[in-house]
Structures are given as C-alpha cells and as structure tokens.
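# Descriptive structure summary
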Amino acid sequence: MEELVALKKEGKIRHIGLSEAGIDTVRRAHAVHPITAYQLEWSLWSRGVEEDLIPVLRELGIGIVVYSPLGRGFLSGKIKSSADLPADDWRRTNPRFTEESLAQNNALLATVEKIAAEKNVSLGVIALAWVQHQGDDVVTIPGTTREAHFMENYASTFVQLSPEEVKRIGDAFPPEKVVGDRYSPGFPTYRSDKNPPKSKV
C-alpha cells in the first residue's frame, strides 16, 4: 500500500483498488490510503459476500466492482450439464459445475425464469439486473466474447425492478441452497486471505 501511495503521488496511478483481499486486509489497507474500489464475485449464486464483506466496504465507502455477475454463464440458463461446456473449459473442474451440482442448482432457476418471462427478457438479463439493483455503489463487469451477449448484457441496464421484485428474485436463490463451492479447494479467496503483520525489518 505504501508503494502504491508513492506511485499515486508520482502521478503514475490515480486510484487504488483491491480484489479478493480479506476483511482485515481491507481495513489495514484503507487505513494507509483510501481504497477507491474493491473487485469481488457477486451474483444470485455467489452471495456469501453479503454476510461479511459488503457491509465493511459500505462502512468504509469503497466502491464495489462485481465480476462473474452471471455466475460464469450459469445464470444464462444455457448450461444444464457439463456436456454444455467445451472439453477444455476450466469450469469442468469447478465444484459448482459438476453434474450433481448443476442438476440441483438448475432447479433454483424456475422462479427467476418466470420473472424474466413476465418482463419479456432473458434469464441472464434478469440475473444481471438483480446485481445492478443492489445499490448505486455497485458496478458490474460481465465478460463476453460475442456481440449478441454484449448487447444482452447492455439491455439489462434498462430493466427496472421494484424492491419487491428484487426480493422475490433473491428469495428464489437462497445461498444455502446453492450446491458446490465457488472454487476448488486451495484456491485463494478473500476468506482465506492471511495477510501477515507488517515486517519490522
């Protein structure tokens, strides 16, 4: 952080951000210099951050940049089994994309699909709009390699959801019902971050 502050003073960077840093790390870093933004995974099937991380970011006034708001494509409704993924797709090694996990997680999509149909938009548009309705401090960065998907993502910015609809969508995807961890064991996440004390050397 001290080096990043030095770079800012030199005019080489404008802002400082973090990603997947633990809560203690966030507080320590923010005490050295205000953090502008924090990048995290947040979607209908990755909501653990609502319990601990999001409240801290909002307490400190740190902007929230959301990656994988479509659950790595799962919330498009187009991945019903691992057979729908290319043979070399890394998601095949992800705990949430095993056959057993997908079978149970797909069952959670029914209510969201119904709301999407009511609004005459795709499942993906509704899932993305749900994240974008979580607050004015939230910015999503959905990834895509196709123009059609880009336009679909863009369309989500025009979807208006009432507070009741936001709750209804969220209730349809209770975090405790999602099967499979976000990543395979050993993958570093904000909850496994063990930033050591500052060296006195």
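Further up the page is the structure itself.
Throughout what follows, the structure given in this document is the object of discussion. Small disclaimer: the values here were computed from a predicted structure and weren't measured. (Residues numbered from 1 in each chain as written. Predicted model: local features only at pLDDT ≥ 70, side-chain atom pairs only at ≥ 80, totals over all residues. Heavy atoms only, no water.)

Size it by volume and the largest pocket reaches roughly 770 Å³. Every residue lining the largest pocket is counted, 28 residues in all, and those nearest its centre are R72, G73, R91, G143 and H149. No other element matches the 4 residues that helix α6 (residues 123-132) contributes to the lining of the largest pocket. Within the lining of the largest pocket, the residues separate by chemical class into 11 nonpolar, 10 polar and 7 charged. (1 Å grid on protein atoms, 1.4 Å probe; cavity = no way out; pocket = protein on both sides within 12 Å on 5 of 7 lines; lining within 4 Å. Points joined across faces, edges and corners; volume = space filled by probe spheres on them. Helix = DSSP H or I, 4+ residues; strand = E, 2+ residues; numbered from the N terminus. Nonpolar A, V, L, I, M, F, W, Y, C, P; charged D, E, K, R; others polar.)

To continue, consider helix α3 (residues 53-60). Among all positions in α3, only L53, I54, V56 and L57 are buried. One face of α3 carries all of its buried residues, which in axial projection span an arc of 165°. Tucked into the core, α3 has its buried residues touching α2 (23-32), β2 (37-41) and β3 (63-67). With its phi angle positive at about 75°, G61 sits one or two positions after the end of α3. (Buried < 20%, exposed > 50% of the residue type's maximum accessible area, 1.4 Å probe, protein only. Arc of directions from axis to C-beta. Contact = heavy atoms within 4.5 Å.)

Take the side chain of N94 next. Among the structural elements, N94 can be located in the loop between β3 and α4 (99-106). N94 sits in the buried class, given a relative accessible area of 2%. If we ignore the near neighbours within four places in the chain, the residues touching N94 are D181, R182 and Y183.

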